[in-house]
Amino acid sequence: DAGVTQSPTHLIKTRGQQVTLRCSPKSGHDTVSWYQQALGQGPQFIFQYYEEEERQRGNFPDRFSGHQFPNYSSELNVNALLLGDSALYLCASSFRRGGSTDTQYFGPGTRLTVL
Amino acid sequence: AQSVTQLGSHVSVSEGALVLLRCNYSSSVPPYLFWYVQYPNQGLQLLLKYTSAATLVKGINGFEAEFKKSETSFHLTKPSAHMRDAAEYFCAVTVTGGGNKLTFGTGTQLKVEL
């Protein structure tokens, strides 16, 4: 049973560029959440997708957008990159009907460096 | 809004000693609490979770945590540390209706010395 997978593993971009990160959820999961983990910090919630719609959003600007596909995989897009966007981006999947107590399974993350 | 505070960004213990990692929460409604572990260059792995059943929760790798409402705490313990326990540990909280959006603490780096 494959867990949560993310691609790419590492990415280097320059300021002003755009980036797309990808996530495939754990088998049987229908909900994908994205988190940003800056160096030395805990993960911060960006947004959550279910049934191809954004259901919840954290305190992130509109430069951060996402998408969920019919197969439940998801993309995170960041436009007009800033140096402060450098972080580990984590994808987590869960089964929505499990509610707030359902375990979220995290992928290994994508390390984004903005120069 | 709910939050968690992890006291001590770095904790160092000797191998075989007790591990105690502290987490205090703030929530206006009953919380659900989680402990995750992160090894270098890896994602997060769930250690244990409190979901309003038993207040003493046992997790993987010999870890356990006790929910104390009066102290708004959910400290993580392990009786005897192993070298392989060296990692970063995160406490997180969510609430009913929160759609399992997790709010994390800033983490505690555990170092285990010989």
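The rules we used
- Residues numbered from 1 in each chain as written.
- Chains lettered and ligands numbered in written order.
- Predicted model: local features only at pLDDT ≥ 70, side-chain atom pairs only at ≥ 80, totals over all residues.
- Heavy atoms only, no water.
- Helix = DSSP H or I, 4+ residues; strand = E, 2+ residues; numbered from the N terminus.
- Rg over C-alpha atoms; globule rule 2.2 N^0.38 Å.
- Contact = heavy atoms within 4.5 Å.
- Lys, Arg positive; Asp, Glu negative; His and termini not counted.
- Charge placed at Lys NZ, Arg CZ, Asp CG, Glu CD.
- Salt bridge = Lys/Arg side-chain N within 4 Å of Asp/Glu carboxyl O.
- Buried < 20%, exposed > 50% of the residue type's maximum accessible area, 1.4 Å probe, protein only.
- Core = buried A, V, L, I, M, F, W, Y, C linked by side-chain atoms within 4.5 Å.
- Buried area = accessible area lost by both parts, 1.4 Å probe.
- Polar contact = N/O pair within 3.5 Å; in protein donor to acceptor, adjacent residues only side chain to side chain.
- Nonpolar A, V, L, I, M, F, W, Y, C, P; charged D, E, K, R; others polar.
- Pairing = 2+ DSSP bridges.
- Axes fitted to C-alpha atoms, helices over the stretch in contact; angles between N-to-C directions.
- Phe/Tyr/Trp six-rings, centres within 6.5 Å; stacked < 30°, edge-to-face > 60°.

Scanning chain B from N- to C-terminus turns up zero helices and 12 strands. Seen in sequence order, chain B has helices and strands lined up from the N terminus as β-β-β-β-β-β-β-β-β-β-β-β. For 114 residues, the compact-globule estimate of 2.2 N^0.38 gives 13 Å, and chain B sits close to it at 13 Å. Pairs at least 24 apart in sequence give 56% of the contacts found in chain B among residues at least 6 apart. When the 9 basic and 7 acidic side-chain charges of chain B are each reduced to a single mean position, those positions are 7 Å apart.

Taken as a whole and judged by the stated rule, the model has seven salt bridges over all chains. The residue Arg57(A) makes a salt bridge to Glu54(A) at a minimum N-O spacing of 3.0 Å. We classify Arg57(A) as partly exposed; its relative accessible area is 28%. For Glu54(A), a relative accessible area of 35% corresponds to the partly exposed category. We note a salt bridge from Lys58(B) to Glu64(B), for which the minimum N-O separation is 2.8 Å.

Formed by 27 residues in total, the largest nonpolar core has its most connected members in Trp35(B), Leu48(B), Phe74(B), Leu76(B) and Tyr89(B). Element by element, the count of residues in this core is highest for strand 10 (residues 87-95) of chain B, at four residues. Listed in part, the 20 residues of the second largest apolar core include Leu11(A), Leu21(A), Trp34(A) and Leu76(A).

Another point: the interface of chain A and chain B. Reports of interface size often rely on the accessible area that becomes lost once the parts have come together. Contacts between the two partners involve 21 residues from chain A, matched on the other side by 23 residues from chain B. Between chain A and chain B, roughly 1,700 Å² of surface is buried when both sides are summed, and carbon and sulfur atoms account for 49% of that area. When the area that chain A buries against chain B is broken down by residue, the three leading residues are Ser100(A), Thr101(A) and Phe106(A), summing to 32%. On the surface where chain A and chain B come into contact, there are zero salt bridges. Counting across the interface, chain A meets chain B through four residue pairs in polar contact (both at pLDDT 80 or more). Counting only elements with at least two residues in the side of chain A that touches chain B, the list comes to strand 4 (31-37), strand 5 (44-50) and strand 9 (87-94) of chain A. In terms of residues, the side of chain A that touches chain B owes the most to one element, strand 9 of chain A, which gives three residues. Looking at the side of chain A that touches chain B residue by residue, the classes come out as seven nonpolar, 13 polar and one charged.

This part takes up the sheet that holds strand 7 (residues 64-68) of chain A. Residues and elements named next belong to chain A. Strand order across the open sheet formed by four strands is 1-3-8-7, with antiparallel pairing between neighbours. The sheet terminates laterally at strand 1 (5-7) and strand 7, the two strands that pair on one side only. Looking at each pair of strands side by side, their axes are set apart by 20 degrees on average, direction ignored. As paired elements, strand 3 (residues 19-24) and strand 8 (residues 74-78) share five bridges and run antiparallel to each other. Within the sheet, the bridge partner assigned to Leu 21 lies in strand 8 and is Leu 76.

Turning our eyes to something else, we now look at the packing of aromatic side chains. Using the criterion set out here, one finds 14 aromatic pairs over all chains in the structure. Where Phe47(A) meets Tyr49(A), the ring centres are 5.3 Å apart and the plane angle is 90 degrees; that geometry is what we call edge-to-face. There is no split in this pair, since Phe47(A) and Tyr49(A) are both buried. For the ring pair Phe90(B) and Phe104(B), a centre distance of 6.3 Å and an interplane angle of 90 degrees mean the geometry is edge-to-face. Residue Phe90(B) is found in strand 10, and its partner Phe104(B) is found in strand 11 (residues 103-104); the two are separated by 14 residues along the sequence. On the basis of relative accessibility, which here comes to 0%, the residue Phe90(B) falls in the buried class. Judged by its relative accessible area of 10%, Phe104(B) is buried. Through a chain of ring-to-ring contacts, three or more aromatic side chains come together here, namely Tyr35(A), Phe45(A), Phe106(A), Phe34(B), Tyr36(B), Phe90(B) and Phe104(B).

Moving on: the side chain of Thr94(B). On the secondary structure map, Thr94(B) appears in strand 10. A polar side-chain atom of Thr94(B) sits 3.0 Å from the main-chain carbonyl oxygen of Lys101(B).

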